[in-house]
Amino acid sequence: MTIHPSFEFVRTAHCRDRKVNNCPEVATNVPGVVALRDSERPATVVTMSPESWRTLVAAAKAGEFDQTA
């Protein structure tokens, strides 16, 4: 098992409802690293640079990953 720095993961306000179990979680507290994980699989952590994170967020906001289109 990989040891990760002390990431402090947070969820969006929508996912803080206890009825919602499968939420993406993001940690930005470790300098130079953005960490992502699925709340249902917390042991699997994906890390990226802040620049890559900005690119991903911009693409999501632009609808690049819209599954309904």
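So, here is what we can say about the structure in this document. Keep in mind the model is a prediction, meaning the values are calculated, not measured.

What counts and what doesn't
Going along each chain's sequence as written, the residues are numbered from 1 onward. Only residues with pLDDT of 70 or above have their local features reported here, since the model is predicted, and side-chain atom pairs are shown and tallied only from 80 upward, although totals for entire chains, interfaces and linings are computed over all residues. Side-chain measures here rest on the full set of heavy atoms in the structure, leaving out hydrogens and waters. Just to be clear on terms, a salt bridge is a Lys or Arg side-chain nitrogen sitting within 4 Å of an Asp or Glu carboxyl oxygen. For helices the rule is a DSSP run of H or I covering at least 4 residues; for strands it is a run of E covering at least 2, with both sets numbered from the N terminus onward. Partly exposed describes any residue whose relative accessible area lies between the buried limit of under 20% and the exposed limit of over 50%, with all areas from a 1.4 Å probe on protein chains only and scaled to the type maximum. Throughout this description, a polar contact denotes any pair of N or O atoms lying within 3.5 Å of each other; where both atoms belong to protein, one of them has to be capable of donating a hydrogen while the other can accept it, and for residues adjacent in sequence the pair is counted only when both atoms sit in side chains. When two rings of Phe, Tyr or Trp (its six-membered ring) have centres within 6.5 Å they constitute a pair, described as stacked for plane angles under 30 degrees, edge-to-face for angles over 60, and tilted for the intermediate range. Pairing between two strands requires that DSSP report at least two bridges joining them. Structural elements are reduced to axes, namely lines fitted to C-alpha atoms, with helices fitted over the stretch in contact, and the angle between N-to-C directions of any two is expressed from 0 to 180 degrees.

A closer look at the pattern of salt bridges
Next up, step 1: All told, the structure shown has three salt bridges when counted by the stated rule.
Next up, step 2: The salt bridge partner of E25 is R37, with a shortest N-O separation of 2.4 Å. Placement of the pair is E25 in strand 1 (residues 24-27) and R37 in strand 2 (residues 34-38), with a sequence separation of twelve residues.
Next up, step 3: The partly exposed category is assigned to R37, whose relative accessible area is 24%.

Quick word on the side chain of E25
Next up, step 1: Owing to a relative accessible area of 7%, E25 belongs among the buried residues under this scheme.
Next up, step 2: A polar side-chain atom of E25 sits 2.7 Å from a polar atom in the side chain of R11.
Next up, step 3: Of note is the side chain of E25, whose polar atom sits 2.4 Å from the side chain of R37.

Some words on the packing of aromatic side chains
How two aromatic rings sit relative to each other is given by the distance of their centres and the angle of their planes.
Next up, step 1: Inspection of every chain in the model, using the stated rule, returns one aromatic pair.
Next up, step 2: Between the aromatic rings of F7 and F9, the centroid separation amounts to 5.8 Å while the plane-to-plane angle is 65°, which identifies the pairing as edge-to-face.
Next up, step 3: A residue is classified by how much of its surface remains accessible, and F9, at 19% relative accessible area, is buried.

A few points about the sheet that holds strand 2
Sheets are built from strands paired through backbone hydrogen bonds, the pairs being either parallel or antiparallel.
Next up, step 1: A sheet is described by the order of its strands in space; here three strands give the open sequence 1-2-3, paired in antiparallel fashion. Two strands bound the open sheet, and with one partner strand each, they are strand 1 and strand 3 (41-48). The mean angle between the axes of side-by-side strands here comes to 25°, regardless of whether they run parallel or antiparallel.
Next up, step 2: Across five bridges, the pairing between strand 2 and strand 3 is antiparallel. Within the sheet, the bridge partner assigned to R37 lies in strand 3 and is V45.

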